[in-house]
Structures are given as C-alpha cells and as structure tokens.
Amino acid sequence: MFETLKKAPVDKIFALLGEYRADDRPQKLDLGIGVYKDATGNTPVMRAVTKAEKRIFDAQTTKSYVGVSGNRGFCDTIVDLVFADRIEGDRITSVQAPGGTGSLWVIMQLLKRAKPGATVWISDPSWPNHYPMLELAGLNPQYYPYFDPETRSVKFDEMLAALDKMGPNDIVLLHACCHNPTGANLTPEQWDQVAQSMKRTGAFPFLDLAYLGFGDGLEADAYGVRKMAQTCPELMVAFSASKNFGLYRERTGVVIGVAANKDSANIVFSQLANVIRASFSQSPDHGAEIVRVIMDDPELRAQWEDELKEMRDQVLTLRKNLAGSLRKLSNSDEFDFVEQHRGMFSLLGLSKDAVEKLKKQHGIYLIDDSRANIAGIPEHDTDKLAAAILDVGK
Ligand code: LMR
C-alpha cells in the first residue's frame, strides 16, 4: 500500500515552529506562527476564558453528544457578533466547525457540491493553507492580484479589474479583515466597490474571518463582511475564535451561510450538516461552550472585550514602535508601512536569503516570505529587532 506514496510537503508555518522549538539559543525570537504573545512571551489564556471554564467545570453534568450542527447558543452569538442585525435573520444559517480551518474546509465541501471543480480565486499572496486546502477539496485555486510589493499596500485597481471580469461560476475568497500574510487591507470605500462588483458579476463571496477585533475593533473589522452580505444575495463566512478568544488549540469556529431567502438557507443548513456528519460527525464542544458562556454573561462579555482591546492596542503599539525603531535606525521611511498595516502580520519585503540570515545569525524566526507576526514581538525588543532587520539587509 504505502509504496505508492511519496513524502508530502510540510506546512511551512508549523515546520518553522518545530525549528524554533528545537533552537536552544536563549535569545531566540518566534515571529512565525500567528499567535498573540504578552510582554513575557507567553500566549495567555484570557481571563474571561478561565472564568468561563470554571463555570463549565462546576455546572456540566454530561459529556453526551451535542448534535451534528454543534452548540447552537455559540453559533447564534457569533452570528450576532458578526452581523449585529444588519441583515434579515432568516437569510442566515450557521453550523459549528473545528476552528477557522475546519470552517473553511466545511465550506469548501459545500461549494464543491454546489459547483464541482469550480474556480476559487484567492489573493496573491494568501494564507499558505488556502491553496492546498482548495486543491484537496477538488476545487480549482487561482490567484487574483492583491498586494503591491513596492508600496506594501493593496493594488486595488488591479484587484477590482480582475473582479470585474468574473462571472457567476467564480468564487472569490476574501480576507474579511487583517489580511494574512500581508497586513494590507481594503478600506471601507474599497469594500463598497468590491461588493458592487460582485453583485454585478454574480461571483460568489467566500469570506475568511479569522481576526475579528484584532485590527481596528469589533465594529470596524466587521465592515467588509457586513457590506458584502448587505449587497450580495449569497455568501459564506468562515469564522475563527482562535485569536480573538485565544482558543487556538480548542478548535472553535463557525460556518455562516447567507442565502437569498429562508428556503435556500434551510437547504444550505441541511447540506452543511450532511457534510459534517459524513466528515467528523460533530465538532468539539469545549471552546464553543466557553464562548457561549462568555457572550451570555454581560460581565464576562465586557471583560472579554476589554482583553481583546488590550491585545489589539498592544499590537498597534508594537507596530508604531517597530516602525519608529526602523525609521530611526535606517534614517528612512521605507518601513513606515508596518504602522499602517493591521492585524497580526506584516509582509516585511525581505528576500528568502535575508530571512534565513535573520534565523541563523540572530535567532529571529519569520516565515520565508518575510511575514512577521507583529503580535509576537516582545515589548522592549523593537530596537533590537529593527537593528537585526537592517543588519541582514533585503
Ligand atoms: C497563521 O497563519 O500563522 C495562523 O493562522 C496559524 C495557522 O494555522 O496557520
């Protein structure tokens, strides 16, 4: 059996994490995988999460099955968080899925049933797992223009021109906020134009919403997904609670479908449930129940929002400080984009060679495309990091 197999490629994000963990230099710095780190370099359990976990521990009387579509209270509260009554409730359907990746996967299975072999357009560049997931799902991944390496911002005219040429058989995967890996995002006015274009062409919007609240805030970050749902008749959203609730390993996500009407939404729900039952039966409940408990209790919810704001503010401060250190040490404004970008990441624009030198000579780990996890920079290390970046050159 196994003689027919070749060694599979490793995922570069997790491969780098393995290399980092095996590195015994004390001054090493992991800016690879997208996790938030506090001033001590730890990825903390949020205080609201710990409180909710205690409540669950004290109150839970069974570990019996929840059901194929998952924890309903959790799904409903996330739908409220994302759309906040901006679109008619009976157009919306939702199921729980294992994390953002699990949610993307379930959606891909649904899209394959709806349009076998369809082309799914992803941004150039995109999260490195989008392409292999789409291939594995039997869909056809293609890139649309997105990031301009010269200006370190979105090349919007080219993106829009590509979208304008699409049709009802095309599916477009959009990062709803906090673009991964670039950190460059659409403005509200650009979202308006994307929504109008996709309404006109009939191309299908597929939104990856993994960082809600990590960019400019819960409301501001929801602008794109709300605008798309208000403008286009149908779409799918993959929501992740990994970063904004710090629940990474608990694999906590929601698939949200928006359909033209209630009957269509019911059909979508039945298909999603059918995909889940045939794939993994149902999702793990613990993370979902934590989120439900937090969101149902005004005090815990307020605490969670405060903690999320703390993390967001910390990332914004780190962006400002790193850009400032780079400006000061290089005597130029060429890295000012770091301050303008939003979300966990920025694509720094270093060559693979420079990234390798950062790792070998300075123990600083970046993804090979020079994606830096800004949320992983220790508070007082921006000068040191800036000096290392300038030392290895581009
Ligand atoms: C990342 O991009 O680093 C995160 O989304 C973690 C992952 O699963 O890749």
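Structural notes, computed from the coordinates. Quick caveat, the model's predicted, so the values are computed rather than measured.

1. Observations concerning the site of the ligand
Right, so step 1: Around the ligand, the neighbouring residues are I13, F14, I33, G34, W127, N180, Y211, K243 and R371.
Right, so step 2: Measuring from an oxygen atom of the ligand, one finds a backbone N or O atom of G34 at 2.7 Å.
Right, so step 3: R371 is positioned with one of its side-chain polar atoms (N or O) 2.8 Å from an oxygen atom of the ligand.
Right, so step 4: Split into classes, the residues belonging to the shell around the ligand amount to five nonpolar, two polar and two charged.
Right, so step 5: The residue makeup of the shell around the ligand includes at least three contributed by each of domain 1 (2-45 + 302-392) and domain 2 (65-296).

2. Digging into the packing of aromatic side chains
Right, so step 1: Counted by the stated rule, this structure contains five aromatic pairs.
Right, so step 2: Seen in terms of ring centroids, Y131 and Y143 are 5.8 Å apart; in terms of plane orientation they differ by 20 degrees. Their pairing is stacked. Residue Y131 is located in helix α5 (residues 130-136), and its partner Y143 is located in strand β4 (residues 140-145); the two are separated by 12 residues in the primary sequence.
Right, so step 3: Classification of Y131 by relative accessible area gives partly exposed; the value is 30%.
Right, so step 4: Arranged with centres 5.9 Å apart and planes meeting at 45 degrees, the rings of F335 and F337 form a pair that is tilted.
Right, so step 5: Given the relative accessible area of 4%, F335 is considered buried.
Right, so step 6: Residue F337 is classed as buried on the basis of its relative accessible area of 9%.
Right, so step 7: Lying across the ring of Y20, K37 places its NZ or CZ 5.9 Å from the centre.
Right, so step 8: The ring centre of F335 lies 5.6 Å from the NZ or CZ of K394, which sits over that ring.

3. Considering the side chain of T201
Right, so step 1: Structurally, T201 is set in helix α7 (residues 188-201).
Right, so step 2: Classification of T201 as buried rests on a relative accessible area of 13%.
Right, so step 3: Side-chain polar atoms of T201 contact the backbone nitrogen of A203, separated by 3.2 Å.
Right, so step 4: If we skip the residues at most four places from it in the chain, T201 touches L163, D164, M166, G167 and P168.

4. Quick notes on the pattern of salt bridges
In a structure, side chains of opposite charge can pair up when their charged atoms sit close to one another.
Right, so step 1: Tallied over the entire structure, the rule returns 25 salt bridges.
Right, so step 2: One salt bridge connects E88 with R91, and the closest N-O pair in it is separated by 3.6 Å.
Right, so step 3: Among the residues examined, E88 registers a relative accessible area of 46% and is labelled partly exposed.
Right, so step 4: Exposure remark for R91: the relative accessible area of 8% places this residue in the buried category.
Right, so step 5: A salt bridge links R292 to D296, with the nearest nitrogen and oxygen atoms 2.9 Å apart. Separated by four residues within a single helix, R292 and D296 lie in helix α11 (residues 286-296), roughly one turn from each other.

5. Structural notes on a nonpolar patch on the surface
Right, so step 1: There is a patch of nonpolar side chains on the surface, built from M1, F2 and L5 and spanning about 440 Å² of accessible area.
Right, so step 2: Residue position: F2 is located in the segment before α1 (12-22).

6. Looking at the sheet that holds strand β8 (residues 204-209)
Right, so step 1: As summarised here, the arrangement of the seven strands in space is β2-β10-β9-β8-β7-β3-β4, forming an open sheet in which the pairing is mixed. In this open sheet, the two edge strands, each paired with only one partner strand, are β2 (92-97) and β4. Taken pair by pair, the neighbouring strands of this sheet meet at an average axis angle of 25 degrees, ignoring direction.
Right, so step 2: Bridge count between strand β9 (residues 235-240) and strand β10 (residues 253-258): six bridges; the pairing is antiparallel.

7. As for the environment of V254
Right, so step 1: If you trace the backbone, V254 turns up in strand β10.
Right, so step 2: With 158 residues separating them along the chain, V254 and Q96 place their C-alpha atoms 4.5 Å apart.
Right, so step 3: In this structure V254 touches F74, C75, I78, S94, V95, Q96, A97, S103, V237, A238 and F239, once residues within four positions along its chain are discounted.

8. A closer look at the pairing of strand β7 (residues 170-175)
Right, so step 1: β7 sits mainly inside the fold: six of its six residues count as buried.
Right, so step 2: Here β7 shows two buried faces, one formed by D170, V172 and L174 and the other by I171, L173 and H175.
Right, so step 3: In terms of strand pairing, β7 meets β8 through five bridges, oriented parallel. Bridge pairing links I171 to F204 in β8.
Right, so step 4: In this region the chain leaves β7, passes through α7 and returns to the parallel neighbour β8; the handedness of that crossover is right-handed.

Each value, and the rule that gives it
Residues numbered from 1 in each chain as written. Predicted model: local features only at pLDDT ≥ 70, side-chain atom pairs only at ≥ 80, totals over all residues. Heavy atoms only, no water. Near = heavy atom within 4 Å. Polar contact = N/O pair within 3.5 Å; in protein donor to acceptor, adjacent residues only side chain to side chain. Nonpolar A, V, L, I, M, F, W, Y, C, P; charged D, E, K, R; others polar. Domains from an automatic or database assignment. Phe/Tyr/Trp six-rings, centres within 6.5 Å; stacked < 30°, edge-to-face > 60°. Helix = DSSP H or I, 4+ residues; strand = E, 2+ residues; numbered from the N terminus. Buried < 20%, exposed > 50% of the residue type's maximum accessible area, 1.4 Å probe, protein only. Lys NZ or Arg CZ within 6 Å of the ring centre and 35° of its normal. Contact = heavy atoms within 4.5 Å. Salt bridge = Lys/Arg side-chain N within 4 Å of Asp/Glu carboxyl O. Patch = residues over 30% accessible without salt bridge, like charges linked within 9 Å, V, L, I, M, F, W, Y side chains within 5 Å. Areas by Shrake-Rupley, 256 points an atom, 1.4 Å probe, with all protein chains shown as cover. Pairing = 2+ DSSP bridges. Axes fitted to C-alpha atoms, helices over the stretch in contact; angles between N-to-C directions. Right-handed = clockwise from strand over helix to strand, strands pointing away.

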